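Structural description and commentary
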Amino acid sequence: MRVLGVETSCDETGIAIYDSQYGLIGHTLHSQVALHQVHGGVVPELASRDHIRRIVPLIQDLLVQASSPLAELDGIAYTAGPGLIGALLVGASVARSLAMGLNIPAVAVHHMEGHLLAPMLEDDVPEFPFIALLVSGGHTQLMRVDGLGKYHILGESLDDAAGEAFDKTAKLLELAYPGGPALAELAKQGRDGIYQFPRPMTDRPGLDFSFSGLKTFALNTFRKSDGNLHSDAAKLQNRADIAYAFQQAVVSTLAIKCKRALQQTGLLRLVVAGGVSANQALREKLRALAASLNAQVYYPRHEFCTDNGAMIAYAGCQRLLAGESDGLEINARARWPLNQA
Amino acid sequence: MKILAFDTSMQACSAALCFDDECYEKYTLAPRQHNQLILPMIEALLTQANCQLKDLDAIAFANGPGSFTGVRLATGVAQGLAFAAQLPLLPISTLAALAQGAWRLHAARNVAVAVDARMQAVYWGQYQLNQEELMRLSEPELICAIDALPVFCDTNVWVGVGDAWANPQVVSQVSDVQNLTAFYPDSYPHARDIVELAKAEFAAGRALECAQAQPNYLREYTVKA
């Protein structure tokens, strides 16, 4: 079965073709980072306007590039949520209508299901059941995954998502948007032991997260220290030290909860997905954790950690193979709990 | 000639499938349900007319101005269908569709279309009937602050169409009001009127390849600092 995947939930237009027999046939992506950079964050209306300009040419290019004409498609999958409603509607309207015109089934895919199944696109595929840590700018969730559509939320962030905390802390350290990766880069110059940040909610049982306090802690640390420093070099070093301590706190907190989830369930497979799963410090920490528990960690390749069409094509293909398909409604929802997908 | 047309740009949702001598249309007032309704409507028309997309000559749609989301929905649907069936696209102004409807329903020859654009502004277009009984712009469409609406300077009898005419400020701002004889503030585009305008566009060779048919927002989007 050959499926076209369409992702437009935020600021990337992602298109891919996945074939259940041959694997990933091709994928392409347009990132709007440059468009939103000047505004310091994603502007929803500008995102929607860009998606509608790009989506069809991107599909056309991919079909040519992958030598896979429309007539060879057996289904179309699109991200129906959660995300920016206007942006979602662009991908949904084009994808659903294209499927109707081709007389093939369409399926609405949950964005986070796409992320958590993204490691399935790699050679080393995790078997069900496994624990999944989804960490992105919009989500921080720990789930038990027993099979396609069988998602049990073990814990999630009660306030900011991990990636959101990264971006907000980066902003107060005066790093350019998108700040998360810039903060991780700056943290490389940071020194261990200068600042000690708390590990929120690790001193009590449970698998929920809270990251908004860390951002405030970073702000207070910055305010207390920055004014006392007089050289640019010292100020920069101080910021790097804060970035380092902040990142360590987030990464340690995530690792502590992952360890708990693995121990509570007795599972030995951990899937890590979402934009923050590209973070090097997190990967090192989880590698060490896995080694200590004799567990395995699975990641998508770097380019599929962030939003992409390949994960949507893959997830949609599995849904279609399982016999699902939608009616003619064009589905888009800003909010959509994963356990209802 | 066979044309499918539809509109999701305002509170109404409509689709029409027209051949040379017959026209099937569906129309409903359904704010915020366009995404649920539009494809089933189109499917029902195709079934009713015992016709397939590939039998059509072109697809037309209202590409704005109107609700940003609604205009993009229509554009996405048009692009998806046209891409699949390899059909050309004919984007038609939402304001022109309203004016054309005023001719069909009210025999209006000169139509001042004013659609609420929020933030104390309207989408404005002055349309006049030509010899082919098609509505044509006498001045370019524009987005305009209510207190800066254009003044009429002719002796024609005009009819006001579009929801902005429900706003007394709009009525009083058009200084030469004696030229305006009737108002239809609760009219919305009908897909069958889009078909009439689209036929002429098609004949004039103005059909577009699917990716080229884009929304006409009329309003640039500026980010508040």
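First, a word on scope: everything that follows refers to the structure included in this document. Since we're looking at a predicted model, the values are computed, not measured.

Residue and element names in this part refer to chain A. Within the element layout of this structure, Ile15 appears in strand β2 (residues 12–19). Overall, the relative accessible area of 0% leaves Ile15 in the buried class. For the pair formed by Ile15 and Gly26, sequence separation is eleven residues and the distance between their alpha carbons is 8.5 Å.

A few words on the environment of Val113 of chain B. Residue and element names in this part refer to chain B. Structurally, the position occupied by Val113 is in strand β6 (residues 110–116). Note: C-alpha distance between Val113 and Ser187 (74 residues apart in sequence) is 10 Å. Those residues in contact with Val113 that lie beyond four places of it in its chain are Leu95, Leu98, Ala99, Tyr123, Trp124, Gly125, Tyr127, Val161 and Trp165.

This part takes up the pattern of salt bridges. Residues and elements named next belong to chain A. Applying the stated rule across the entire model yields 23 salt bridges over all chains. Across the pair Lys215 and Asp160 runs a salt bridge whose closest N-O atoms are separated by 3.1 Å. In this pair, Lys215 is assigned in helix α7 (residues 212–226) and Asp160 in the loop between β8 (150–156) and α5 (162–172), connecting sequence segments 55 residues apart. Asp160 matches Lys215 in its accessibility class, with the two residues each being buried. Within the structure, one salt-bridge network assembled from shared partners comprises Asp160, Glu164, Lys168 and Lys215.

Further remarks concern the packing of helix α2 (residues 44–65) of chain A against helix α2 (residues 68–85) of chain B. As a packed pair, α2 of chain A and α2 of chain B sit with axes 10 Å apart at the nearest point and diverge in direction by 5°. Here α2 of chain A lies roughly parallel to α2 of chain B, going by the angle between them. Across from Glu45, Ser48, Arg49, Ile52, Ile55, Val56, Ile59, Gln60 and Leu63 of chain A in α2 of chain A, the residues of α2 of chain B making contact are Phe68, Arg72, Thr75, Gly76, Gln79 and Phe83 of chain B. Grouping the amino acids of the contact of α2 of chain A with α2 of chain B by side-chain chemistry returns seven nonpolar, five polar and three charged.

What counts and how
- Residues numbered from 1 in each chain as written.
- Chains lettered and ligands numbered in written order.
- Predicted model: local features only at pLDDT ≥ 70, side-chain atom pairs only at ≥ 80, totals over all residues.
- Heavy atoms only, no water.
- Helix = DSSP H or I, 4+ residues; strand = E, 2+ residues; numbered from the N terminus.
- Buried < 20%, exposed > 50% of the residue type's maximum accessible area, 1.4 Å probe, protein only.
- Contact = heavy atoms within 4.5 Å.
- Salt bridge = Lys/Arg side-chain N within 4 Å of Asp/Glu carboxyl O.
- Axes fitted to C-alpha atoms, helices over the stretch in contact; angles between N-to-C directions.
- Parallel < 35°, antiparallel > 145°, perpendicular 65-115°, else oblique.
- Nonpolar A, V, L, I, M, F, W, Y, C, P; charged D, E, K, R; others polar.

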